[in-house]
Amino acid sequence: MDVLEAIHNRRSVRFFKDQKVSDEIIFNALESALWAPSAGNVQDKEFIVVRNEEKIRKFVDICYDQTWVAKAPVIIVMVSRINLLRMKFGDRAEHYASLSAGMAVENLLLSITANGLQGTHVGLYDEDEVKRLLRIPEDRKVYSIIALGYSREETVVPKRVNLKAITFFDKHGRKWVKKVPRKTY
Ligand SMILES: Cc1cc2nc3c(=O)[nH]c(=O)nc-3n(C[C@H](O)[C@H](O)[C@H](O)COP(=O)(O)O)c2cc1C
């Protein structure tokens, strides 16, 4: 699967098969996240791979009653050693940490997609509770919870807005009117 196919095949899946995910697939996904851009190449991220079923069940409450999370065979929590960014970028640290976390998450999701799995980035969670459960040091900031596994069913493809309606040419508001050949996936 090439990268464009992975981009288009990636879906936020919330129903998983009862099938083990190999360490190799997880490690490759983390490696993909590591190779995402990071501000100043600071590489502030850390990853916690959660397989323990009891702990995974606790994420339902942590994620404000998202019950589907309990069925994920693997949860990856991505945190930032944000102090490293503060030392280098001061007030811009939060902004940079957030942006590069997003890039790392997408790389991770594309990597698992290429290996036939799917996952969902969960952004709604109680950070203090995540830290308590996984004993994450106080100075870290939690940026992502990714619940992943083998998809149990074909997923509905959520619609996207019309690209031309949100793309401008040379200045905001000047519509992109040129015809461009587009590949379908
Ligand atoms: C910042 C962010 C937070 C999200 N939080 C949640 C979440 O808490 N729970 C959830 O089920 N999906 C969450 N999602 C996934 C979105 O719902 C999903 O990406 C969107 O519906 C589009 O579907 P697709 O990813 O399959 O294209 C989040 C996505 C992003 C980028």
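A brief look at the structure comes next. Here the structure is a predicted model, which means the values were calculated and not measured.

Looking at the overall build of the protein chain
Phase 1: Helix and strand counts for the protein chain stand at six helices and four strands.
Phase 2: If you list the helices and strands of the protein chain from N to C, you get α-α-β-α-β-α-α-β-α-β.
Phase 3: Counting over 185 residues, the protein chain shows a buried share of 38%.
Phase 4: Counting contacts in the protein chain only where the partners sit at least 6 residues apart, residues at least 24 apart contribute 75% of the total.

Some details on the site of the ligand
Phase 1: Taken together, 13 residues are adjacent to the ligand, and Arg11, Ser12, Arg14, Gln66 and Arg160 come closest.
Phase 2: At 2.6 Å, a side-chain N or O of Ser12 approaches an oxygen atom of the ligand.
Phase 3: In the model, an oxygen atom of the ligand is placed 2.7 Å from a nitrogen or oxygen of the Arg160 side chain.
Phase 4: Expressed as a share of its isolated accessible area of 620 Å², the protein-covered part of the ligand is 60%.
Phase 5: Residues of the shell around the ligand, tallied by class, amount to four nonpolar, five polar and four charged.

Quick notes on the nonpolar core
Phase 1: Counting 27 residues, the largest nonpolar core has Val21, Ile76, Leu108, Ile112, Leu117 and Leu148 as its most contacted members.
Phase 2: Every element with two or more residues in this core is listed here: α2 (23-34), β2 (74-80), α4 (82-89), α5 (93-114) and β4 (141-149).
Phase 3: Of the residues forming this core, the biggest block, eight residues, is contributed by α5.
Phase 4: Counting residues in hydrophobic clusters, the runner-up holds 22 residues, among them Val50, Phe59, Cys63 and Tyr125.

Observations regarding the pattern of salt bridges
Phase 1: For the coordinates displayed, the defined rule picks out 11 salt bridges.
Phase 2: Across the pair Arg81 and Glu46 runs a salt bridge whose closest N-O atoms are separated by 4.0 Å. You can see Arg81 sitting in the loop between β2 and α4 and its partner Glu46 sitting in strand β1 (residues 45-50), a full 35 residues away along the chain.
Phase 3: Its relative accessible area of 25% is what places Glu46 among the partly exposed residues.
Phase 4: Through salt bridges with shared partners, one network takes in Glu46, Arg81, Asp139 and Arg140.

Remarks on the packing of α2 against α5
Phase 1: For the pair α2 and α5, the least separation of the axes is 7 Å and the interaxial angle reads 145°. The two elements α2 and α5 meet at a crossing, and its hand is right-handed. Residues Asn28, Ala29, Leu30, Ser32 and Ala33 of α2 form the contact with α5, whose own contacting residues are Ala104, Asn107, Leu108, Ser111 and Ile112.

What counts and how
Starting afresh in each chain, residues are numbered from 1 along the sequence in its written order. pLDDT decides what is reported in this predicted model: residues at 70 or higher carry local features, side-chain atom pairs at 80 or more are listed and counted, and totals for whole chains, interfaces and linings draw on all residues regardless. Where side-chain values are given, they derive from all heavy atoms of the structure, hydrogens and water being excluded. Helix and strand labels come from DSSP, where a helix needs a run of H or I of at least four residues and a strand needs a run of E of at least two; each type is numbered from the N terminus. Burial here depends on accessible area, computed with a 1.4 Å probe over protein chains only, as a share of the maximum for the residue type. Under 20% is buried, over 50% is exposed, and the range in between is partly exposed. Pairs of residues are marked as contacts when any of their non-hydrogen atoms sit within 4.5 Å. Proximity is defined per residue: if any heavy atom of the residue lies within 4 Å of a molecule or strand, that residue is considered near it. Under this definition, polar contacts are N or O atom pairs within 3.5 Å; protein pairs additionally need one hydrogen-donor-capable and one acceptor-capable atom, and for neighbouring residues in sequence, both atoms have to be side-chain atoms. The protein chains shown are the only cover counted for residues, whose accessible areas, like all others here, come from Shrake-Rupley with a 1.4 Å probe. Residue type decides the class: Asp, Glu, Lys and Arg count as charged, Ala, Val, Leu, Ile, Met, Phe, Trp, Tyr, Cys and Pro as nonpolar, and the leftover types, Gly among them, as polar. To form a nonpolar core, buried Ala, Val, Leu, Ile, Met, Phe, Trp, Tyr and Cys residues must be joined to one another through side-chain atoms within 4.5 Å. We define a salt bridge as a side-chain nitrogen of Lys or Arg found within 4 Å of a carboxyl oxygen belonging to Asp or Glu. Lines fitted to C-alpha atoms define the axes, with helix axes restricted to the stretch in contact, and inter-axis angles between N-to-C directions lie between 0 and 180 degrees. By convention the crossing between two helices is left-handed if the near helix lies anticlockwise of the far one by an angle smaller than a right angle, and right-handed if it lies clockwise.

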